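Residue-level structure breakdown
Here is how the chains run, residue by residue.
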Amino acid sequence: MLVFTRKRDEAIMIGDGIEIRVLRVGRDGVRIGVQAPASVSVHRREVYDQIRDENRIAAAAVNAAGNVAAEVRKRLERPAPPVAATGTDR
Amino acid sequence: MTTAQMSPAASRPSRQLETPFGTFPIDDASVIDFADGLPGFEQTRKFVLLSSPELAPLHLLHYADGPAASFLAVDPRVVLPSYRTDLGAGDRLRLGATDDHQLLWLALVTMDAGQGPSVNLRAPIVVNPARMLGCQVMPHNSLYPLRHPLALPE
């Protein structure tokens, strides 16, 4: 990992489009500004990790739970739709 | 909604996709491109959205080329009618979206042992059917939970 020492208002560049700037240094944290093209998604690491973990659990749910659809339907108080169409309705 | 409605023109003959909920015919035109994959599934970028009467109101978001990844998903407004999440400029760019009204919103369903089903309202999947592009959006200021429990009716 590259390590830089930066003071307040100093920045680093990643490629030619991403700038990471130290806005404020406090006792408990550092305030950082990120300027990046709209095509680059920027997230707090722990939020990304949470969503990643949740996605993995959700993917496992497909195989683990026998009749999730029926359970969801019951909880949403939705009656099953009439069985007029089958498969992919093609 | 079905794969057929989302993709009137087939560019390749239909093929069969095996899923835990049966076999579905799909073709190239029904494939949704997730350029970044999904967090945790960064390399799976081609998905199809499948529907069937047994699944309703859920849909199955399934990897187009095999069993690598599949998710149960539901329109978040079915779960929470007031649900509303704003898209950022980057999300619109990724989706090629000009008109938000045409976008399809899906919340992934989780079934955790002992807790019953819940839906991820924090990071919904958004699909632009006009361009067949999709992404999972992670709004910075969302107040919706990762696990919105589906309570049994009283």
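Residues numbered from 1 in each chain as written. Chains lettered and ligands numbered in written order. Predicted model: local features only at pLDDT ≥ 70, side-chain atom pairs only at ≥ 80, totals over all residues. Heavy atoms only, no water.

1. Digging into the sheet that holds strand β3 (residues 30-35) of chain A
Residues and elements named next belong to chain A. To keep it simple, the criterion reads: In this description, strands pair whenever DSSP reports at least two bridges between them. Under the scheme used here, helices are H or I runs from DSSP no shorter than 4 residues and strands are E runs no shorter than 2 residues, and both carry numbers assigned from the N terminus. Inter-axis angles, ranging from 0 to 180 degrees, are taken between N-to-C directions of lines fitted to C-alpha atoms, where helices are fitted over the stretch in contact.
With respect to topology, three strands assemble into an open sheet ordered β1-β2-β3, the strand pairing being antiparallel. Lying at the two open borders of the sheet, with one neighbouring strand each, are β1 (11-14) and β3. Across the sheet, the axes of successive neighbouring strands diverge by a mean angle of 20 degrees, strand direction being ignored. Here six bridges tie strand β2 (residues 18-25) to β3, and the two strands are oriented antiparallel to one another. Bridge pairing in β3 links R21 to G33.

2. Re the interface of chain B and chain A
Rules: In this description, contact between two residues means that some pair of their heavy atoms is separated by no more than 4.5 Å. Values labelled buried area give the accessible surface lost by two parts on being combined, using a 1.4 Å probe and summing over both. For this document, the term salt bridge refers to a Lys or Arg side-chain nitrogen within 4 Å of an Asp or Glu carboxyl oxygen. Side-chain atoms alone can form a polar contact between residues adjacent in sequence; in general such a contact is a pair of N or O atoms within 3.5 Å, and within protein one must be able to donate a hydrogen while the other accepts it. Residue polarity is assigned by list, with Asp, Glu, Lys and Arg as charged and Ala, Val, Leu, Ile, Met, Phe, Trp, Tyr, Cys and Pro as nonpolar; anything else, Gly included, falls into the polar class.
Taken residue by residue, the interface counts 49 residues in chain B and 39 residues in chain A. Carbon and sulfur atoms make up 65% of the area that chain B and chain A hide from each other, which totals about 4,000 Å². If you sort the residues of chain B by the area they bury against chain A, B:P53, B:M111 and B:M138 come out on top, with a joint share of 14%. Between chain B and chain A we count one salt bridge in total. Joining chain B to chain A, the criterion identifies eight residue pairs in polar contact (both at pLDDT 80 or more). Of all the elements in the fold, those that place two or more residues in the side of chain B that touches chain A are α1 (3-6), β2 (22-26), β6 (70-74), α2 (76-79), α3 (89-95), β7 (104-112) and β8 (116-119) of chain B. By residue class, the composition of the side of chain B that touches chain A is 31 nonpolar, 12 polar and six charged.

3. Quick notes on the confidence of the model for chain B
Operational definition: Values of pLDDT, ranging from 0 to 100, describe the predictor's confidence in every residue of the model.
The pLDDT averaged across chain B works out to 87; a share of 90% of its residues lies at or above 70. If you check the scores for this complex, the pTM reads 0.83 and the ipTM reads 0.86.

4. Quick notes on the pairing of β8(B)
All names here are of chain B. Where β7 and β8 come together, four bridges link them in antiparallel fashion. Bridge pairing in β8 places T110 opposite S118. The hairpin formed by β7 and β8 contains three residues between the paired strands, and G114 there has a positive phi angle of roughly 80 degrees. One ladder, built from two bridges, connects β8 with strand β11 (residues 148-149); its direction is antiparallel. Among the inter-strand pairings, V119 is bridged to a residue of β11, identified as H148.

5. Observations concerning the environment of A:D9
Residues and elements named next belong to chain A. Quick reminder of the rule: Each residue is placed in one exposure class: buried if its accessible area under a 1.4 Å probe, protein chains only, is under 20% of its type's maximum, exposed if it is over 50%, and partly exposed if it falls in between.
Within the fold, D9 resides in the segment before β1. Here D9 falls in the partly exposed class, since its relative accessible area comes to 44%. The spatial distance from the C-alpha of D9 to the C-alpha of V25 is 9.8 Å, given a sequence separation of 16 residues. Contact partners of D9, with chain neighbours within four places excluded, come to R21, V22 and L23.

6. Observations concerning the packing of aromatic side chains
All names here are of chain B. Cut-off, in case you're wondering: Pairing of aromatic rings covers Phe, Tyr and Trp, the last counted by its six-membered ring, and requires centre-to-centre distances within 6.5 Å; plane angles under 30 degrees mean stacked, over 60 mean edge-to-face, and any other angle means tilted.
Per the counting criterion, the structure on display carries five aromatic pairs over all chains. Ring centres 5.2 Å apart and planes at 70 degrees place the aromatic pair F34 and F47 in the edge-to-face group. Here F34 is found in the loop between β3 (32-33) and β4 (46-50), whereas its partner F47 is found in strand β4, with 13 residues between them in sequence. Owing to a relative accessible area of 0%, F34 belongs among the buried residues under this scheme. Look at F47 and Y63: their rings are 6.2 Å apart centre to centre, the planes differ by 70 degrees, and that puts the pair in the edge-to-face class. Taken as a pair, F47 in strand β4 and Y63 in strand β5 (residues 59-63) lie far apart in primary sequence, 16 residues in all. Exposure remark for F47: the relative accessible area of 0% places this residue in the buried category. Three or more aromatic residues joined by ring pairs form one cluster here, namely F34, F41, F47, Y63 and F71.

7. A word on the nonpolar core
Applicable threshold: The set of buried Ala, Val, Leu, Ile, Met, Phe, Trp, Tyr and Cys residues whose side-chain atoms join them within 4.5 Å is what this entry labels a nonpolar core.
Grouped together as the largest cluster of nonpolar side chains are 33 residues, with contacts concentrated most on B:L58, B:L72, B:V109 and B:V119. If you list the elements that add at least two residues to this core, you get α2 (68-75) of chain A together with β2, β4, β6 and β7 of chain B. Setting aside chain neighbours within four positions, we find B:V109 in contact with A:A58, A:A61, A:V68, A:V72, B:L58, B:L72, B:A73, B:V74, B:P117, B:S118 and B:V119. Core analysis: the second largest hydrophobic core is formed by 18 residues, B:L49, B:F71, B:L108 and B:V127 among them.

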